[in-house]
Amino acid sequence: MKTYLVVGASGSIGIKTSELIRTNNHRVIKGTSKKIEGNRTDSLYLDLTDYNSITKLNEFGTPLDGIVFAAGYEPKQSIIEMSMEHQNKMIQIHVTGPLNTVKALLKNLKEDAAIVFVSSIAANKGSYDPMYATAKGAVISLSRTLAVELSKHKIRVNCISPGLVEGSPVFNGMTTDFREKHINNTLNKRLAKPDDCAAAINFLLTQEHITGQVIHINGGQYFGA
Ligand SMILES: NC(=O)c1ccc[n+]([C@@H]2O[C@H](COP(=O)([O-])OP(=O)(O)OC[C@H]3O[C@@H](n4cnc5c(N)ncnc54)[C@H](OP(=O)(O)O)[C@@H]3O)[C@@H](O)[C@H]2O)c1
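What you are looking at is a predicted structure, and each value in this text was computed from that prediction instead of being measured.

## Quick word on the overall build of the chain
A tally of regular secondary structure across the chain gives eight helices and seven strands. By the compact-globule yardstick of 17 Å for 225 residues, the chain fits well, its C-alpha radius of gyration being 17 Å. The dimensions of the chain, computed from C-alpha atoms along their principal axes, are 50 × 40 × 35 Å. Restricting the contact set of the chain to residue pairs at least 6 apart, pairs at least 24 apart contribute 70%. A total accessible area of about 11,400 Å² is found for the chain, and carbon and sulfur atoms account for 52% of it. If the 25 positive side-chain charges of the chain are averaged to one point and the 20 negative ones to another, these points end up 2 Å apart.

## A short note on empty space enclosed by the protein
Rolled over the atoms, a probe as big as a water molecule pinpoints where empty space is left. This structure, assessed with the given rule, holds one cavity of 30 Å³ or more. Forming the walls of the largest cavity are Leu48, Phe69, Ala71, Ile93, His94, Pro98, Phe117, Val118 and Lys136. The set of elements that each furnish at least two residues to the lining of the largest cavity consists of α3 (84-105) and β5 (109-118). Take the lining of the largest cavity: its biggest share by element is three residues, from α3. Here the residues of the lining of the largest cavity are counted per class, giving seven nonpolar, one polar and one charged.

## A closer look at the layout of surface pockets
Estimates place the volume of the largest pocket at around 1,400 Å³. If you go around the largest pocket, you meet 49 residues; those closest to its centre are Tyr73, Glu74, Pro75, Tyr132 and Val170. Looking at the lining of the largest pocket, the elements that each hand over two or more residues are α1 (12-23), β2 (27-32), α3, α4 (122-125), α5 (130-149), α6 (169-172) and α7 (176-184). Along the lines of polarity and charge, the residues of the lining of the largest pocket split into 21 nonpolar, 21 polar and seven charged. Lining the second largest pocket are 15 residues, and of these Arg40, Ser43, Leu44, Tyr45 and Phe60 lie nearest its centre. In terms of residue class, the lining of the second largest pocket is built from five nonpolar, six polar and four charged.

## As for α3
The principal kink in α3, of about 55°, is found at Gln92. Within α3 the residues assigned to the buried category are His86, Met90, Ile93, His94, Val95, Gly97, Pro98, Asn100, Thr101, Val102, Ala104 and Leu105. Contacts made by the buried residues of α3 are with β1 (3-7), α2 (51-55), β4 (64-69), β5 and α5.

Quick notes on the rules
- Residues numbered from 1 in each chain as written.
- Predicted model: local features only at pLDDT ≥ 70, side-chain atom pairs only at ≥ 80, totals over all residues.
- Heavy atoms only, no water.
- Helix = DSSP H or I, 4+ residues; strand = E, 2+ residues; numbered from the N terminus.
- Rg over C-alpha atoms; globule rule 2.2 N^0.38 Å.
- Contact = heavy atoms within 4.5 Å.
- Areas by Shrake-Rupley, 256 points an atom, 1.4 Å probe, with all protein chains shown as cover.
- Lys, Arg positive; Asp, Glu negative; His and termini not counted.
- Charge placed at Lys NZ, Arg CZ, Asp CG, Glu CD.
- 1 Å grid on protein atoms, 1.4 Å probe; cavity = no way out; pocket = protein on both sides within 12 Å on 5 of 7 lines; lining within 4 Å.
- Points joined across faces, edges and corners; volume = space filled by probe spheres on them.
- Nonpolar A, V, L, I, M, F, W, Y, C, P; charged D, E, K, R; others polar.
- Bend = angle between axes of the 7 residues up to and from the residue.
- Buried < 20%, exposed > 50% of the residue type's maximum accessible area, 1.4 Å probe, protein only.

Okay, structure coming up:
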């Protein structure tokens with residue numbers, strides 16, 4: 001049995017990823033920024049915006065076979081509306097928080113462990129929220145550079161990059177017109193499902209010869225109308 005930390009395990013992609021890992025008879029430790037009641041070994045408090053919470057990971061003793069970073073902060077502000085607080089939070093949750101988490105948990109990662117990040121189609125297509133697109137572009141760069149750096153520890157690092165995910169909070173907050181626009185831009189006329197993302201994450205966790213890669217889960221949107 002392997003043990004994986006899933007950061008953002010209560011999110012739409014995190015839930016399905018955790019389910020799939022457990023279906024394969026492995027253990028999931030749920031990373032959450034919500035306060036944890038009691039002494040639970042299946043959950044780990046981790047607030048990616050709080051450096052103290054990340055440095056406390058030095059006390060975390062469980063060996064890990066992998067980490068999935070599926071936490072997120074959704075696109076919210078255009079360039080006109082944008083605050084410094086928003087910019088900082090976007091980078092902390094997607095980039096600096098995960099980077100410092102990897103640094104703190106390097107001691108826990110076993111040989112042959114795998115890390116999977118979640119970027120977004122916004123990294124390539126942009127977003128009305130420039131900071132979201134910037135952070136997601138940085139996630140790909142971070143993933144690829146860690147693949148090189150951590151190869152000396154025999155750790156693989158990969159990334160998925162989904163288009164709009166059906167049933168996610170971002171999807172739920174969109175008008176029907178906007179959802180239709182996203183669907184029409186795909187070649188197969190459907191959106192990514194959380195299960196599609198979970199399957200790709202699971203593949204990257206387990207496929208031992210793939211590192212430094214990005215799997216695009218977007219129904220061929222780059223080629224759509
Ligand atoms: N949804 C989409 O259409 C879509 C498309 C492309 C890429 N993505 C990316 O996919 C990832 C997951 O998306 P999703 O739709 O599954 O997100 P989601 O349902 O909104 O879940 C995000 C999770 O992030 C965790 N989180 C929030 N703030 C945190 C913090 N400060 N520290 C640690 N964890 C925190 C939350 O868990 P707790 O409350 O337990 O902390 C939450 O469950 C994100 O990175 C997102 O950008 C999403």
